[in-house]
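Each chain, written out:
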Amino acid sequence: MHSFIKLSSAIITASLLSACGGDSSSSDSNSRTNGASSSGKIKNVIMMIGDGMGPQQVGLLQDFAAHSKTDIYKNRETALELFANSGQVAFSSTTPVGGLVVDSACSATQLATGKPALSEVVGLDIEGNSTETILEMAKAAGKSTGLISDTRITHATPAAFASHQAHRSMENEIAVDMLENNVDVMLGGGLRYWIPQGSSSTSTELVNLINEPTVKIKSKRNDDRNLLTQAQTAGYELAFNADQLDAIEGGKVLGLFSYSAMLDGISYTACKKADSCVQPSLADMTTKALDILSKDEDGFFLMIEGGQIDWAAHNNDAGDMLHQLLKFDESIQAVYDWVADRNDTLVVITADHETGGFSFSYSRKDIPAADPTIVGDAFVESNRDYKPNFNFANPDLLDKLYAQKKDFYNIWYQAGGDLADVEPTSVDLLNAINGNTEFTITQADADRILEHEVNEYQEADHKYLAATEFPKVDDFEEFYVYGEEVHLNLIGRALAKHQNTVWSTGTHTHTPVQVIAWGPKEAQQRFNGLMNHVEVGAQLIEAMKN
Ligand code: MG
Ligand code: ZN
């Protein structure tokens, strides 16, 4: 039985790889890999991490590109596909030490250090000691370094590359580590960890420093350190909006464009369409970082995170997850545009794990009618209409997901009268959901989203589990861990039957994730077959050293 399973998964993997164009022989004809100056020498390493972007999420992006009536991918491929089809695709297990399911901090630590790591730590080995990351190795080799995220720059994924702390939640300490690490370009959200405690929009010094602030000024530090002025003293230029970033031409840059996370996927799409974005996009940050870092003759290491794919997936919010994937793919395109003609740069695109156990699935609801336009011989001879037994999910669903007007956070917030911590009425929630999505739920569905039950797993002083009550989940309730935010998962549940979506959890799954490697053949070929994330990290480090 065991060997049978092994054999079949090997066959499945082989066919997946060839379907993705991962066959290394297919890249032989690519001039990039046999260009005259190609010695396999890697000057630059670009790592891109779609947080929570497992194979299912990639499938959503690819299906959208194939079927959408929008012009986003009209006559072109996704950037992810460009890299996959001219590079190499492997699969990788993401498991932590002592577990089967990984969190972002551990996963990024394994990618950054090439060593096994414990859950929820950043930049530590399994004994809990600081261990050198690829970013630090790059720095030591004289290269420039950069970190980009559309979450907080101190959030788990970027943190694992430039800090060493016992827990991912120690973002004040992480900010200090990042600054002391002298990372040349840091662009993302999370201003709140960089300004002295008690800071507010009445702090004249900060308001002057930030220069007509569009960012909410409120500190989460518990000391008086002003990391912004420390950064300036250390030679950094500061940026707090897209225009300020645009004006910077080189040197070291610290860009903090929001109080916490940068824009969600749907809000980003909306401001982009209206040409009204105040924040730089993930693609803008990517292009700017590449401009600056590529001035270093010794090369650079750059990590770019699409960090909120995971957040949308945690909420089981398929509409926002699609927009997050589109946002990340724009950044991948920016990398492709910069790198396409080069033979000195290794690009590795992967995920830290899959989130949500997302999928489209076929159902017994809305069985399609017979299609009389399908009149091939077999149908005529058997006197049958083409009429499948089940609803195999109409591709039109993809544009309906795209048309969602707000992410679940903002739908919930709108329903509560735009007041924080106000639980909406059932009628307001119904109107907010039906008014912001292409799907229609019932009043009974809205009632259901608002129900609570006793939290059987109450844990005093726990950030999420201290509550006596949790939103009521009928099945798999143990996998919905984030307190009141579980209401958002229940919105996802109410929409699921209309969206042909299924979600198996509000947390992460252990699903192996794709690793797309692109660059000089010798480097790209390191990423092959069934790997794990410790190996992926170790190979990345080896490739950079060679
Ligand atoms: Mg992350
Ligand atoms: Zn997550």
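One can find the structure itself at the top, above this paragraph.
Everything quoted here is computed from the prediction, not taken from an experiment.

Asks: Looking at this structure, how should I read the sheet that holds strand β7 (residues 300-306)?
Replies: What holds strands together in a sheet is hydrogen bonding between their backbones, with the strands either parallel or antiparallel. With mixed pairing, the 10 strands of this open sheet are ordered in space as β5-β6-β4-β3-β7-β1-β8-β15-β2-β16. Looking along the sheet, the strands with just one partner apiece sit at the ends: β5 (236-239) and β16 (530-532). Strand-to-strand twist in this sheet, taken as the mean axis angle between neighbours without regard to direction, amounts to 20 degrees. Examined bridge by bridge, strand β4 (residues 185-189) and strand β6 (residues 252-256) share four bridges and lie parallel to one another. Bridge pairing links Met186 to Leu254 in β6. Where helix α12 (residues 282-293) meets the sheet, its contacts fall on β1 (44-50), β3 (144-152), β4, β6 and β7, and the angle it forms with β3 comes to roughly 170 degrees. Packed on one face of the sheet, helix α14 (residues 318-339) meets β1, β3, β7, β8 (345-351) and β15 (513-518) and runs near 170 degrees to β1.

Asks: Looking at this structure, I do not really get the coordination of the magnesium ion (ligand 1). What am I missing?
Replies: For a metal with four tetrahedral donors the ideal donor-metal-donor angle is 109.5 degrees, whereas six octahedral donors ideally subtend 90 or 180 degrees. Distances from the magnesium ion (ligand 1) to its protein donors, Asp51 (OD), Thr157 (OG1) and Glu305 (OE), fall within 1.9 to 2.2 Å. Of note, the donors binding the magnesium ion (ligand 1) are all from one chain and are spaced D-x105-T-x147-E. Taken together, the positions of Asp51 in the loop between β1 and α2 (55-67) and Thr157 in helix α6 (residues 156-162) put the pair 106 residues apart, joining distant regions of the chain. Note on Thr157: relative accessible area 0%, which makes it buried.

Asks: So what exactly am I meant to see when it comes to the side chain of Asp296 here?
Replies: Tracing the sequence through the fold places Asp296 in the loop between α12 and β7. For Asp296, which is buried and forms no salt bridge, the nearest opposite charge comes from Lys43, at a distance of 7.4 Å. At 2.7 Å, the side chain of Asp296 and the side chain of Ser144 are in polar contact. Contacts of Asp296, omitting those with residues within four sequence positions, involve Lys43, Gly142, Lys143 and Ser144.

Asks: Where do I start with the coordination of the zinc ion (ligand 2) in this structure?
Replies: The protein atoms that coordinate the zinc ion (ligand 2) are Asp310 (OD), Asp310 (OD), His314 (NE2) and His508 (NE2), at distances of 2.0 to 2.4 Å. The coordination sphere of the zinc ion (ligand 2) comprises four donor atoms, whose angles at the metal cover 57 to 154 degrees; the geometry is irregular. Considered as a linear motif, the donors of the zinc ion (ligand 2) on their single chain read D-x3-H-x193-H. Placement of the pair is His314 in helix α13 (residues 309-314) and His508 in strand β14 (residues 508-509), with a sequence separation of 194 residues. As far as the burial class goes, His314 and His508 line up, both buried.

Asks: Mind showing me how you'd approach the pairing of β6 here?
Replies: A regular strand places its side chains so that they alternate between the two faces of the sheet. Counting buried positions along β6 yields five of five residues, so the element is predominantly enclosed. Side-chain alternation along β6 places Lys252, Leu254 and Leu256 on one buried face and Val253 and Gly255 on a second face that is also buried. Across four bridges, β5 lies against β6 in parallel orientation. Paired with Leu238 across the two strands is Leu254, which belongs to β6. Since β5 and β6 lie parallel, the crossover through helix α10 (residues 242-247) that links them has a hand, and here it is right-handed.

Asks: Where do I start with the packing of α12 against α14 in this structure?
Replies: Packed helices, taken two at a time, are described by the angle between their axes plus the distance between the axes. Their axes nearest at 7 Å, the elements α12 and α14 cross at an angle of 25 degrees. The angle between the axes of α12 and α14 places the two elements in the roughly parallel class. Crossing hand, α12 versus α14: right-handed. Here Leu282, Ala283, Thr286, Thr287 and Leu290 of α12 come into contact with α14, specifically with Lys327, Phe328, Glu330, Ser331, Ala334, Val335 and Trp338. Here the residues of the contact of α12 with α14 are counted per class, giving seven nonpolar, three polar and two charged.

Asks: Quick question: what am I supposed to make of empty space enclosed by the protein here?
Replies: A water-sized probe, rolled over the atoms, reveals where empty space remains. Counted according to the given criterion, the structure contains one cavity of 30 Å³ or more. When its volume is computed, the largest cavity comes out at roughly 70 Å³. If you trace the largest cavity, you find it lined by Asp150, Met262, Leu263, Tyr268, Gln279, Pro280, Ser281, Leu282 and Lys327. Here the lining of the largest cavity is composed, by residue class, of five nonpolar, two polar and two charged.

Asks: Would you explain helix α3 (residues 79-86) in this entry?
Replies: Each α-helix turn comprises 3.6 residues. Residues three or four places apart therefore point the same way. For α3, a buried count of six out of eight residues is recorded, marking the element as mostly surrounded by other parts of the structure. Buried residues in α3 make contact with α2, β2 (88-93), α14, β8, β15 and α21 (521-524).

Asks: When you look at the state of the cysteines in this model, what are you seeing that I'm missing?
Replies: When the sulfur atoms of two cysteines share a covalent bond, that bond is a disulfide. Throughout the structure, instances matching the rule amount to one disulfide. With its sulfur 1.9 Å from that of its partner, Cys271 forms a disulfide with Cys277. Since a negative S-S torsion denotes a left-handed disulfide, the Cys271-Cys277 link at about 95 degrees is right-handed.

What counts, and at which threshold
- Residues numbered from 1 in each chain as written.
- Chains lettered and ligands numbered in written order.
- Predicted model: local features only at pLDDT ≥ 70, side-chain atom pairs only at ≥ 80, totals over all residues.
- Heavy atoms only, no water.
- Pairing = 2+ DSSP bridges.
- Helix = DSSP H or I, 4+ residues; strand = E, 2+ residues; numbered from the N terminus.
- Axes fitted to C-alpha atoms, helices over the stretch in contact; angles between N-to-C directions.
- Contact = heavy atoms within 4.5 Å.
- Donors = N, O, S within 2.8 Å, 3.2 Å for Na, K, Ca; no water.
- Buried < 20%, exposed > 50% of the residue type's maximum accessible area, 1.4 Å probe, protein only.
- Lys, Arg positive; Asp, Glu negative; His and termini not counted.
- Salt bridge = Lys/Arg side-chain N within 4 Å of Asp/Glu carboxyl O.
- Polar contact = N/O pair within 3.5 Å; in protein donor to acceptor, adjacent residues only side chain to side chain.
- Tetrahedral: all angles 85-135°; square planar, octahedral: opposite > 155°, others 65-115°.
- Right-handed = clockwise from strand over helix to strand, strands pointing away.
- Parallel < 35°, antiparallel > 145°, perpendicular 65-115°, else oblique.
- Left-handed = near helix turned anticlockwise from the far one by under 90°.
- Nonpolar A, V, L, I, M, F, W, Y, C, P; charged D, E, K, R; others polar.
- 1 Å grid on protein atoms, 1.4 Å probe; cavity = no way out; pocket = protein on both sides within 12 Å on 5 of 7 lines; lining within 4 Å.
- Points joined across faces, edges and corners; volume = space filled by probe spheres on them.
- Disulfide = S-S within 2.5 Å.

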